[in-house]
Amino acid sequence: MLPRSFNKTLFPLLKHSPQHTLMFRTPINTNIVPEPYPKEYHDCWDHNHVKMPCSKHNSLIDKDNNCRKRRWDIINNALTRPITSSEELEKAILLYNLKYKERWRFHLLHSFFNECLSEEETDSFFNNLLPKIIELALKLPKLITSPIPLLKQNSSHSISFTQMQIACLLANAFLCTFPHRNVSTLHSEYSSYPQINFHELFQLRVLSSSHNCLFEKLKCIICYFKKVTTDDSDLSGIVTYSRRYLPDNMLPFWLKSNKQLTNLYITSAGTIEDDGDGMFQIDFANKFIGGGVLGHGCVQEEIRFLICPELLVSQLFSQQMLATEAIVITGVQRFSNYSGYADSFEWDGVHVDITPVDNNNRRHCTVVAIDAIYYRDPKVQFTPKSLKRELNKGYAGFSWGQNTDCSNVAIATGNWGCGAFQGDCHLKSLLQFLSAAQANRDVAYFTFGDTTLKESIHDMHTFLKNQNLTVGEICKILIKYNMYFLTHPNVGLYEYIYNAVINNDAQKCHSEEKSTQ
Ligand code: AR6
């Protein structure tokens, strides 16, 4: 197995700077939840920051009295009345989302409590847990006192929160309080941001047993809220959300790269999240981070977000990713176990996360979100443009934290872009090896149960490494394959590479022999 690294300090350092917003007071004291920074709530309502539910600018028109009312007051009123059923919860949420009164019906919530949970469990939710979620949500202006910057395209920036602050933001998302985040039409203000309010999830219908995974999503969310609202829960940990943008002048010249492939550990057993501790764990992301987690989606990214719901907060402020961008989240805790995958996904109880923390109280869990391209036509993935796009995307994520304490951290990845996005596993694994080589990182590759794939990738990696081929040379072979493939569609990538390298060797020997004669 590859050596895991648990360095003292994870990247980025916990320091206020123009590139890093800390939402709490430093220096921190481990085991005590750091105080929000600044002490008093600082209001901000502009295009560079998250519009907060508790802002004085967040208002609704009261038609009866012909005046404007603060929406935060309406939220407080609506949520501090007794709520004893999902119907009452829906009504309360609609009181401050008046525009949607005729449109929203929380089918999933209703069937969850009526059909999935027992009467006892339902009572416990409305009598015990929901009041705690509401209490947590209403602490917003006390807990999040500094404006949250939007992590916009074409810029790099990090934001650090305490786990307590994250819990408060997620409680607000669950109660659908974030303003201007309910529509995602083409020209709406946040159309290039992911969803954050939970209303779309709540509205889904369970039409057949293949939709039962939607109930399981709610179980994961409830498991999270149960944990963070227990009195003895430790929410002093820190989580950092970073956007990394690589401008053109920081991108590698792939064809000229002299880097050699790094080491590979490959297995068909295990998963990125179970076995990738201490490594950069790749999230097979959507350009809208989180993908369909608050909708029907239930594959690698969505499952990761459900078992580690702190990841969901990234959806509040991360604009959709561009080609040379990655989003890196450092320090999240895992709260749930699961079994199954996609339709068969099931919540499988509480997860006790024993991942060690760094000296800034951040868990040694770095999730690197990179979005592959979805290939409707599989041929397109072999074009030079597609190859370059995926190499750069991988590099944007893998080169995070270079020249820091994290320089030697390996990548834990797998069939990135090869499930929902229909990429070719042979090509995509190779592209990831090239990006990792360029970033000087070893790779742990999980084929997710596929033993044949494990063998073939392993053999190809060993072959290329033994041949001492550079990143640039391998890129050139890939480009030639694209041309060859047009006239020889039945020749697979690996067959082509083996032949190309061996024939090239033979040619080299032949010309060396000739020159020595
Ligand atoms: N560990 C290792 N490998 C895994 C794991 C895991 N935990 N889970 C799945 N795999 P997919 P994509 C393997 O389809 O094609 C989401 O909706 C498994 O072999 O999630 O990049 C996103 O939001 C699986 O087939 O990734 C995007 O919209 C393969 O990884 C979209 O899907 C690919 O997983 C991304 O699709």
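Heads up: the structure comes first, above all this text.
A few points on the structure.

What follows covers unusual backbone geometry. In the segment running from Thr26 into Pro27, the intervening peptide bond is cis, with an omega of -5°. A cis amide bond, omega -5°, links Tyr37 with the succeeding residue Pro38. Residue placement: Pro38 occurs in the loop between β1 (20-22) and β2 (59-62). Backbone geometry at Asn361 places phi at a positive 60°, although glycine is not the residue there. For Asn361, a relative accessible area of 7% corresponds to the buried category. The phi torsion at Asn468 lies on the positive side, around 55°, for a residue other than glycine.

Around the ligand sit 20 residues, and of these Glu301, Glu302, Gly417, Gly419 and Ala420 come closest. Asn286 is positioned such that a nitrogen or oxygen atom in its side chain is 2.9 Å from an oxygen atom of the ligand. The backbone of Gln300 places a nitrogen or oxygen atom 3.0 Å from an oxygen atom of the ligand. Burial of the ligand by the surrounding chains reaches 92%, relative to a free accessible area of 710 Å². Breaking the shell around the ligand down by element, the ones donating at least two residues are α9 (272-275), β7 (280-285) and α10 (300-307). In terms of residues, the shell around the ligand owes the most to one element, α10, which gives 3 residues. Along the lines of polarity and charge, the residues of the shell around the ligand split into 10 nonpolar, 7 polar and 3 charged.

Bringing the pattern of salt bridges into the picture now. Scanning the entire structure with this criterion turns up 14 salt bridges. As a salt-bridge pair, Lys393 and Asp371 come within 2.5 Å of each other at their nearest N and O atoms. Of the two residues, Lys393 sits in helix α12 (residues 384-398) while Asp371 sits in strand β11 (residues 366-371), which places them 22 residues apart along the sequence. Assessed through its relative accessible area of 0%, Lys393 is described here as buried. The exposure class of Asp371 is buried, given its relative accessible area of 3%. The shortest N-O distance in the salt bridge between Glu390 and Arg389 comes to 2.7 Å. Arg389 sits in the buried class, given a relative accessible area of 15%. Here the salt bridges do not stand alone but share partners, grouping Asp371, Arg389, Glu390, Lys393 and Lys428 into one network.

About the cut-offs
- Numbering of residues starts from 1 in every chain and runs along the sequence as written.
- Only residues with pLDDT of at least 70 get local features here, since the model is predicted, and only at 80 or more are side-chain atom pairs given and counted; chain-wide, interface and lining totals rely on the full set of residues.
- For side-chain calculations, the full set of non-hydrogen atoms in the structure is used, while hydrogens and water are omitted.
- Under the DSSP-based scheme used, a helix requires at least four consecutive residues in state H or I and a strand at least two consecutive residues in state E, with every element numbered from the N terminus.
- Between buried and exposed lies partly exposed: a residue is buried under 20% and exposed over 50% of the maximum accessible area for its type, with that area taken using a 1.4 Å probe on protein chains only.
- The rule for a residue being near a molecule or strand is that one of its heavy atoms must lie within 4 Å of it.
- Between N or O atoms, a polar contact is any pair within 3.5 Å; within protein, one atom must be a potential hydrogen donor and the other a potential acceptor, and residues adjacent in sequence are included only when both atoms are from side chains.
- Note that accessible areas follow from Shrake-Rupley with a 1.4 Å probe, and for residues the cover is restricted to the protein chains shown.
- Basically, the charged four are Asp, Glu, Lys and Arg, the nonpolar ten are Ala, Val, Leu, Ile, Met, Phe, Trp, Tyr, Cys and Pro, and anything else, Gly included, counts as polar.
- Salt bridge, as used here: a side-chain nitrogen of Lys or Arg that lies within 4 Å of a carboxyl oxygen of Asp or Glu.

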